[in-house]
There are 2 protein chains.
Amino acid sequence: MDQPYDIYQERCPTRMVLDRLADKWALLILDRLRDGPVRFNHLRRDIAGISQKVLSQTLKKLERDGLISRQVFPTVPVTVEYALTGLGRTLTDTVAALAHWAEANMDAVLAAQKAYDSIGR
Amino acid sequence: MDQPYDIYQERCPTRMVLDRLADKWALLILDRLRDGPVRFNHLRRDIAGISQKVLSQTLKKLERDGLISRQVFPTVPVTVEYALTGLGRTLTDTVAALAHWAEANMDAVLAAQKAYDSIGR
DNA sequence: CTGATAGGTTTCTGTTGGAAACCATGTATC
DNA sequence: GATACATGGTTTCCAACAGAAACCTATCAG
């Protein structure tokens, strides 16, 4: 049962999908939505350092890819909630694994960088 | 046992690590090295679409982070082999999971894009 | 001396990223 | 009525980065 797709091929559509996933902000947003819907400005505050433009763009891309949904509430001021879709939820474990790896192995990476920089000079 | 790091904080070092991992080419390289050492030009040919410059840069960053090792053989012409380090090997399952998700769920993503584009117009 | 191979670096240019300003809407404040 | 604040964005500007293509160094084959 071979997959009909090969991610190593340039024109394979899986490349586009990987490209979307291989984005720091997209990963952080997906991870942040794990526990339920979150509003725009709440995301902006939680994910320190993201700009409004990039948050807006990234949310749009994720929505287009069917990974998150956008719901507008006619409150005042208007409220917009973003949530994972069923498809998006199938990704969260993998995304969380990446984030967890980063947290768990950060010391090793920092040590490696230090060693590399002191030798390579 | 709380982690001392919070990936949502802007100046947290885990952000740097996530940043490195959130790179299409880095993920493809790490995945490609799963089965053993590979030479520079072999990588270039296998990972269709990558340029020499980007391959060279990405390999350097991964080496600096301690995820891959670089070994030069004084053959003629010189041969350079890249391989996963122990640290890099702890990542491969997660990376493979991402690539596998992309291959498995690509149809759903493409369908979502089509639906989004036809409505949003 | 032309070409091929290996592993890069350099140059140029178009796309992207982030910072900051701006905008529309409505509500509360003075 | 002017001022300020909140929401959820868009626009503008500039610096950084990505990719394509050319170039480089070295060695060997013909």
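Located above this text is the structure these notes cover.
These numbers were taken from a predicted model, which means no experiment stands behind them. Each chain carries its own residue numbering, running from 1 in the direction its sequence is written. To label them, take the chains in the order written and letter them from A, then take the ligands in the order written and number them from 1. Where totals are concerned, whole chains, interfaces and linings use all residues; where local detail is concerned, this predicted model gives features only for residues with pLDDT of at least 70, and gives and counts side-chain atom pairs only at 80 or more. Note that the side-chain values use all heavy atoms of the structure and ignore hydrogens as well as water.

**A closer look at the protein's contact with DNA strand C**
- Neighbouring DNA strand C are 20 residues, the closest being Lys53 and Val76 of chain A together with Gln52, Arg70 and Val80 of chain B.
- Each residue is tested against the molecule or strand, and it is near if at least one of its non-hydrogen atoms lies within 4 Å. Sugar plus phosphate, as a fraction of atoms of DNA strand C within 4 Å of the protein: 65%.
- Under this definition, polar contacts are N or O atom pairs within 3.5 Å; protein pairs additionally need one hydrogen-donor-capable and one acceptor-capable atom, and for neighbouring residues in sequence, both atoms have to be side-chain atoms. Within the contact set of DNA strand C, a phosphate oxygen lies 2.9 Å away from a side-chain nitrogen or oxygen of Ser56 of chain B.
- Between Val78 of chain B and DNA strand C, the recorded distance is 3.1 Å, taken from a backbone N or O atom to a sugar or linking oxygen.
- Elements supplying a minimum of two residues to the surface near DNA strand C: helix H4 (52-64) of chain A together with helix H3 (40-46), helix H4 (52-64) and strand E3 (79-84) of chain B.
- Here the surface near DNA strand C gets four residues from one element, more than from any other, and that element is H4 of chain B.
- The residue classification treats Ala, Val, Leu, Ile, Met, Phe, Trp, Tyr, Cys and Pro as nonpolar and Asp, Glu, Lys and Arg as charged. All others, Gly included, are polar. Grouping the amino acids of the surface near DNA strand C by side-chain chemistry returns eight nonpolar, six polar and six charged. Elements are defined by DSSP. Helices are runs of H or I of four residues or more, strands are runs of E of two residues or more, and each kind is numbered from the N terminus.

**Quick notes on the relation of the copies chain B and chain A**
- The least-squares superposition of copies is restricted to C-alpha atoms, and to residues with a pLDDT of at least 70 in both copies. Once chain B is rotated about the relating axis by 180° and shifted along it by 0.0 Å, it coincides with chain A to within an RMSD of 0.0 Å. The relationship between the two copies is best expressed as a two-fold rotation axis. Nearest to the rotation axis, the C-alpha of Ala22 of chain B is located 2.2 Å from it, this being the minimum over chain B.
- When the interface residues of chain B are mapped onto chain A, 100% of them are again interface residues, pointing to one common binding face. By definition in these notes, contact holds between two residues if any of their heavy atoms fall within 4.5 Å.

**Digging into the interface of chain B and chain A**
- If you look at the interface, chain B gives 56 residues, while chain A gives 56 residues.
- In what follows, salt bridge is the name for a side-chain nitrogen of Lys or Arg lying within 4 Å of a carboxyl oxygen of Asp or Glu. On inspection of chain B and its partner chain A, the count reaches four salt bridges.
- Across the chain B-chain A interface, the total number found is 19 residue pairs in polar contact (both at pLDDT 80 or more).
- Broken down by secondary-structure element, the contributors of at least two residues to the side of chain B that touches chain A are helix H1 (13-21), helix H2 (24-32), H4 and helix H6 (92-120) of chain B.
- Among the elements that line the side of chain B that touches chain A, the one with the most residues is H6 of chain B, at 19 residues.
- Residues of the side of chain B that touches chain A, tallied by class, amount to 29 nonpolar, 10 polar and 17 charged.

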